[in-house]
Each structure stands twice: as structure tokens, then as C-alpha cells.
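Observations on the three-dimensional arrangement
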Amino acid sequence: MITVYGEGRGFRVVWLLEEMGLPYRLRPVDMLAGVENDPDYLAINPAGFIPALQDGDTILVESIAIMEYLIARYGPTPLAPSPEDPSFSAYLQFLHLGEAGLAASWFFVVVSKMLAPEAERDNWGARKARSVFESRLGLVTRQLERAPYMAGEAFTAADISVTYALEFAQRTDGYPLSDALQAYVARATARQGYLRAMAACHATRAWVEGLKAGRA
């Protein structure tokens, strides 16, 4: 059984698993309570960040690497065009841009705003991270002028990667998306795979909160 540890960027993995129809279980990791209090998870990922995936003896961290593993291990799937497909280059670019250019940059905006001391929240690094996010967002906007999805006419795993990043920016700071970007997010999040993934994550959160309430 495939086990996904943690949500956050792990939602990408859950969404992909739902789209591919693969069985899995979702094991929560309470980052707010402190991952140092979760020795079982630290045995999986000693670096302590999420997500991680365990598939038999295989353990991976980093959401995009996990997605590529699942596609290679359990594909082929229409969620990933073959290298011979003309859309492959765009697919690969946006699969990685969703994390490396968008979500990773936005993470530093968020932690500066929410976790830094008051006097350090408006800092050069956070402003630079926002600038990087917005420059990469321009590539997404340009692609949507050409096609409805990141790899062209068909929804792929690249859209899971990018959509997560756009929702992350909206959810954490109300980042204003253009009409084209909002329409794109609406297309992606209307999919049954997305809805099933959201339901699975909500159910897991409710279960965890119930356990906490029982211990209170």
C-alpha cells in the first residue's frame, strides 16, 4: 500500500493518486505540533519536511519527485505525455515550474509574513521571492493564451503542480489572480480527482482533530 505522509504540498501527490486511480493511505503529519514530536515520521524523513511517500521499501521526499516516480512506476498515464509527444517539453517545464518557480518562492513570502518577527516581515528576501513568483507567473499566463492547460489541450500532472501553487498563493495571502488564471484554476479544480483528493484530506483532518479532542 502506498502511504502519503503529510498534506501541504502532499496534496499534489494525493490528487495525482486519485487521478491515476491508485490505492493509498494518507498519514497526517502535524507540523504545527512540531515534527520533532513525531519520531515515526522522522524515521521516514529525518529532514522533517512534508510530504514523503512510502511504497514498499521505497521512500521519497519532494512532491515533484514523488509525482514523477508514481507516473514512471505505475504508468503509462495520459497525465504525462511521452518524450516523443510535441507537448512533452511544455509538460516538463510546468511540472517543475509549479514548485521551483511558484510554490517554493511563495513559501518565503508566507513564512516572512506569518512567522517572522514583526520588524522583519517586510524584508528584502520576501520582496524578492514575490518578484520571482510573479515573473514565473507570467509564463503561466502566456501559456494560457496559447492553450487551456500547461501542456496544451489536455490536463496533465503539470496542471496539478501549477494549480496547487496558485491556490497556495490565494489561500495564504489572497493573491489576486487574473481572470484567465482564475478560469484555469476553476477548470482544474472541477475535476473529480481534485474533489476526491480534497475529500480525502478533509476526512483525515477531521479524524486527527477528533483524536486531539478526545485527548483534551
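Refer to the structure printed above.
Below is a short write-up of the structure. (Residues numbered from 1 in each chain as written. Predicted model: local features only at pLDDT ≥ 70, side-chain atom pairs only at ≥ 80, totals over all residues. Heavy atoms only, no water.)

Examining the packing of aromatic side chains
Worth spelling out the cut-off: When the centres of two rings from Phe, Tyr and Trp lie within 6.5 Å, Trp using its six-membered ring, the rings pair. Their planes under 30 degrees apart give stacked, over 60 give edge-to-face, and anything left gives tilted. A run of H or I in DSSP becomes a helix once it reaches four residues, and a run of E becomes a strand once it reaches two; helices and strands are each numbered from the N terminus. Three labels apply to residues, based on accessible area from a 1.4 Å probe with only protein chains included: buried if under 20% of the type maximum, exposed if over 50%, partly exposed otherwise in between. Two thresholds decide whether a charge sits over a ring: the Lys NZ or Arg CZ must be within 6 Å of the ring centre and within 35 degrees of the ring normal.
Inspection of every chain in the model, using the stated rule, returns 12 aromatic pairs. A ring pair is formed by Phe11 and Tyr194, whose centres lie 5.5 Å apart and whose planes are at 80°; its orientation type is edge-to-face. Of this pair, Phe11 sits in helix H1 (residues 10-20) while Tyr194 sits in helix H8 (residues 192-215); the two residues are 183 residues apart in sequence, bridging distant segments of the chain. Each member of the pair Phe11 and Tyr194 is classed as buried. Where Tyr149 meets Phe155, the ring centres are 5.9 Å apart and the plane angle is 90°; that geometry is what we call edge-to-face. Residue class for Phe155 comes out buried when judged on its relative accessible area of 8%. One Lys or Arg, Arg73, reaches over the ring of Tyr74 and ends 4.7 Å from the middle of that ring.

Looking at the environment of Tyr175
The line we're drawing: Contacts described as polar in this section are N or O atom pairs within 3.5 Å, which, within protein, must combine one atom able to donate a hydrogen with one able to accept it, while residues neighboring in sequence count only if both atoms come from side chains.
Here Tyr175 lies in the loop between helix H6 (157-173) and helix H7 (179-189). Looking at Tyr175, its side chain comes within polar contact range of the side chain of Glu134, at 3.0 Å.

Some points on the side chain of Thr204
The topology assignment puts Thr204 in helix H8. Separated by 3.0 Å, the side chain of Thr204 and the backbone oxygen of Ala200 make a polar contact.

Digging into the layout of surface pockets
Here the idea is plain: a probe the size of a water molecule rolls over the atoms and shows the empty space left. Stated formally: Cavity means a closed set of points on a 1 Å grid over the protein atoms alone, one where a 1.4 Å probe fits but cannot get out, pocket means an open set with protein on both sides within 12 Å along at least 5 of 7 lines, and lining means a residue has an atom within 4 Å of a point. Grid points are joined across faces, edges and corners, and a volume is the space filled by probe spheres set on the points. For this classification, the nonpolar set comprises Ala, Val, Leu, Ile, Met, Phe, Trp, Tyr, Cys and Pro, the charged set comprises Asp, Glu, Lys and Arg, and every other residue, Gly included, is treated as polar.
A volume near 160 Å³ is recorded for the second largest pocket. Considering the residues around the second largest pocket, the lining is formed by Glu68, Ile71, Ala72, Pro76, Thr77, Ala80, Pro81, Ser82, Phe88 and Tyr91. Of all the secondary-structure elements, those providing two or more residues to the lining of the second largest pocket are helix H3 (63-74) and helix H4 (88-114). If one sorts the elements of the lining of the second largest pocket by residue count, H3 sits on top with 3 residues. Classifying every residue of the lining of the second largest pocket by side-chain character gives 7 nonpolar, 2 polar and 1 charged.

Comments concerning unusual backbone geometry
With omega at 5°, the peptide bond leading from Ile50 into Pro51 counts as cis. Residue placement: Pro51 occurs in the loop between helix H2 (39-44) and strand E3 (52-55). Cis rather than trans, the peptide bond between Gly75 and Pro76 has omega equal to 5°. With respect to the helices and strands, Pro76 occurs in the loop between H3 and H4. Backbone geometry places Glu62, a non-glycine residue, at a positive phi of 80°.

Function-wise, these values are silent; they only describe arrangement.
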